[in-house]
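What the coordinates show
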Amino acid sequence: QPNAWGFYDMNGNVSEWTDEWYTKDFYDKSPLKNPENPFVSGLKTTRGGSMLDNPFYLRCAIRHGSNPSWTTINTGFRCAKSIKIPANKVILNSID
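1. Considering the confidence of the model for the protein chain
Mean pLDDT for the protein chain: 80, with 89% of residues reaching 70 or above. Confidence scores differ between elements of the protein chain, with helix α1 (residues 26–29) showing the lowest mean pLDDT of 85 and strand β2 (residues 44–47) the highest of 90.

Pasting the structure below:
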């Protein structure tokens with residue numbers, strides 16, 4: 001069954017690289033809204049689990065620190081683009 005945006009199986013395919021430096025306890029001390037980690041740790045954050053992981057790790061709240069030069073078949077990235085939505089537009093939770 002698809003999620004609210006019409007996508008299937010977003011968790012559990014591959015862990016996802018992010019553009020965030022990894023600090024284990026960063027979220028314990030960070031702002032609640034849109035926190036950005038300014039500390040360069042040498043490790044980048046990967047989120048979620050993959051097809052090779054225990055089901056406990058198949059959620060986006062799971063974070064790991066990984067060497068940026070590390071490659072594997074079970075880690076990928078998502079292409080995303082920010083868009084500006086005109087104030088007079090209504091966005092529905094469906095795909096046309």
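Here the narrative resumes.
2. Looking at the packing of aromatic side chains
For the coordinates displayed, the defined rule picks out three aromatic pairs. Note on W17 and W70: the rings are 6.3 Å apart at their centroids and 70° apart in plane angle, and the pair reads as edge-to-face. One end of the pair, W17, is in strand β1 (residues 15–21); the other, W70, is in the loop between β3 (63–66) and β4 (75–76), with 53 residues separating them in the sequence. A relative accessible area of 40% means that W70 is categorised as partly exposed. Summarising the aromatic geometry, the rings of F56 and Y57 are spaced 5.3 Å apart at their centres and angled 85° between planes, so their arrangement reads as edge-to-face. The side chain of K44 reaches across the aromatic face of W21, ending 4.1 Å from its centre. Taking the ring centre of F56 as reference, the NZ or CZ of R59 above it sits at 4.6 Å.

3. Topic: a nonpolar patch on the surface
On the surface, M51, L52 and I73 cluster together into a nonpolar patch covering about 360 Å² of accessible area. In this fold, L52 is placed in the loop between β2 and β3.

Rules used in this analysis
Residues numbered from 1 in each chain as written. Predicted model: local features only at pLDDT ≥ 70, side-chain atom pairs only at ≥ 80, totals over all residues. Heavy atoms only, no water. pLDDT = per-residue confidence, 0-100. Helix = DSSP H or I, 4+ residues; strand = E, 2+ residues; numbered from the N terminus. Phe/Tyr/Trp six-rings, centres within 6.5 Å; stacked < 30°, edge-to-face > 60°. Buried < 20%, exposed > 50% of the residue type's maximum accessible area, 1.4 Å probe, protein only. Lys NZ or Arg CZ within 6 Å of the ring centre and 35° of its normal. Patch = residues over 30% accessible without salt bridge, like charges linked within 9 Å, V, L, I, M, F, W, Y side chains within 5 Å. Areas by Shrake-Rupley, 256 points an atom, 1.4 Å probe, with all protein chains shown as cover. Salt bridge = Lys/Arg side-chain N within 4 Å of Asp/Glu carboxyl O.

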